[in-house]
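Architecture and fold: a report
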Amino acid sequence: MNTHPLVEARNLTLRYRRGKRAALDDVSFTVPKGRVIGLLGHNGAGKTSLMKALVGLKSVEGELSVLGRKPMRERSQLLAELSYIPDVAVLPRWAKVRDLIQLMSGLQPRFSPERARQLLRRTSVGLDDKVKHLSKGMVVQAHLALVAAIDARLMILDEPTLGLDVLSRKSFYEMLIDEWCDGERSVLISTHQVEEIEALLTDVLMLDEGKLVLNLSLEAIEDRFVALSHHPDAAAAVAAAHPLLRYRVQGGQPAALFDGEPPQQLAANAQRFRPSLVDLFVALTRKPELAPRSQA
Amino acid sequence: MHSAWNDTAPIYRQLAQQLAGQLLDGEPPEGAPMPSVRQLAQQYLINPLTVSRALQSLVDEGFLEPRRGLGMFVTDGARQRLLETERTTFLRDEWPVLRDRLRRLGLGAADLNWENTQ
């Protein structure tokens, strides 16, 4: 197997209208093999646009190579080689799950019907169930089983856990680990369930208003960002050190998040802890309601 | 779902600590194989790379050893060494906190029930 990254994106920019804010603004990143990458961002941050660009459903400026192909020019070949679940994924309501397996066999050269049936056995979805009689969680599970049965090196999932209850989300995460974490395949997954998915990820891409504000492995995040909980009396000194974010941890203790090492004097009188991905997300992305409105 | 993890340390450290705690209870016993990376990843719902990191840190501390093609095994004497490490950590980190609390409450050795009875 070659060692080229599965995705190479350089300076991707997408503008829906001239003069308007870009949906994607100079975004560059690579996806090596064997990674589980979380794509995080508020609604409207550009997650879906980026995923559509990767599979050739949206034309962008910049250089983009996915599985060694140019997505816009080789869309149909590309869609046959990767697994993609869009955010508005719908399975035909009239169909039985058995019909969908047959349909996929005809459409997808790399699809394995046996594998799909095997994966479905782990869910509560039956082969003779009609899509319209399945719950939302079961539809997603069926969809995921169908997509996971494609022998692809890259899986792109746009908010697969949206609207799922906690048990369905858990079985989704189990399937992700069982089927996709083999050191070769990579998964790009967008989600708002940041806390739940944190332990499953190897890397994080964070989008804010079309800009990539973080592109790091979780290991590097632990090395780079420092969280300190401190005595309320130290508040002024903490503020003077310009942390990324000031907040409170469990128990109401004030805390601060720093990009890099905080001043030594400060660190000596405070307790270091692991900055969670959620706190980092809040620190690095603007809340939409706080963004200044443009005078159109 | 993620309730097993807290903010005190990186997730791989927390997993290493949990696994060390189990080794101390003889689970698995010395000389026996550890569950595979895949099994642990499924059990704890964390990325296999994080599991590998946790196992590697236990190798670095001498509690596990990799055997070619067979996976990780608990080293001879791992339990005794873990016990010593845990004792040192307790006396260094936890005991001063506990002692201060006992002092504040005015409790001495005679006030504490040292037998495991209700």
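Residues numbered from 1 in each chain as written. Chains lettered and ligands numbered in written order. Predicted model: local features only at pLDDT ≥ 70, side-chain atom pairs only at ≥ 80, totals over all residues.

We now examine the interface of chain A and chain B. Facing the 19 residues of chain A at the interface are 16 residues of chain B. Among the secondary structure elements, those contributing two or more residues to the side of chain A that touches chain B are α6 (166–180) and α7 (194–197) of chain A. The element contributing the most residues to the side of chain A that touches chain B is α6(A), with 6 residues. When grouped by side-chain class, the residues that make up the side of chain A that touches chain B number 9 nonpolar, 2 polar and 8 charged. (Contact = placed C-beta atoms within 7 Å. Helix = DSSP H or I, 4+ residues; strand = E, 2+ residues; numbered from the N terminus. Nonpolar A, V, L, I, M, F, W, Y, C, P; charged D, E, K, R; others polar.)

Direction of pairing for strand β11 (residues 245–248) of chain A relative to strand β12 (residues 254–259) of chain A: antiparallel, over a ladder of 4 bridges. Following the sheet pairing, L245(A) is matched in β12(A) by L257(A). (Pairing = 2+ DSSP bridges.)

Membership of the largest hydrophobic core comes to 107 residues, with the highest contact counts inside it found for A145(A), M155(A), I156(A), V187(A), L200(A) and L15(B). Apart from the residues within four sequence positions on either side, V187(A) is in contact with V36(A), I37(A), M155(A), L157(A), L176(A) and W180(A). (Core = buried A, V, L, I, M, F, W, Y, C linked by C-beta atoms within 7 Å. Buried ≥ 20, exposed ≤ 12 C-beta atoms within 10 Å, placed from the backbone.)

This part covers the domain arrangement of chain A. When the parts come together, some accessible area is lost, and that loss is often what is quoted as the size of the interface. Residue and element names in this part refer to chain A. When the domains of chain A are assigned, the result is domain 1 (7–92 + 144–215), domain 2 (93–143) and domain 3 (221–290). Domain 1 and domain 3 are separated by 30 Å when their C-alpha centres are compared. With 13 residues of domain 1 at the interface, the matching set in domain 3 holds 8 residues. Residue assignment for the side of domain 1 that touches domain 3 shows that the elements contributing at least two residues are α7, β8 (203–208) and β9 (211–217). Of the residues contributing to the side of domain 1 that touches domain 3, the split by class is 6 nonpolar, 3 polar and 4 charged. (Domains from an automatic or database assignment.)

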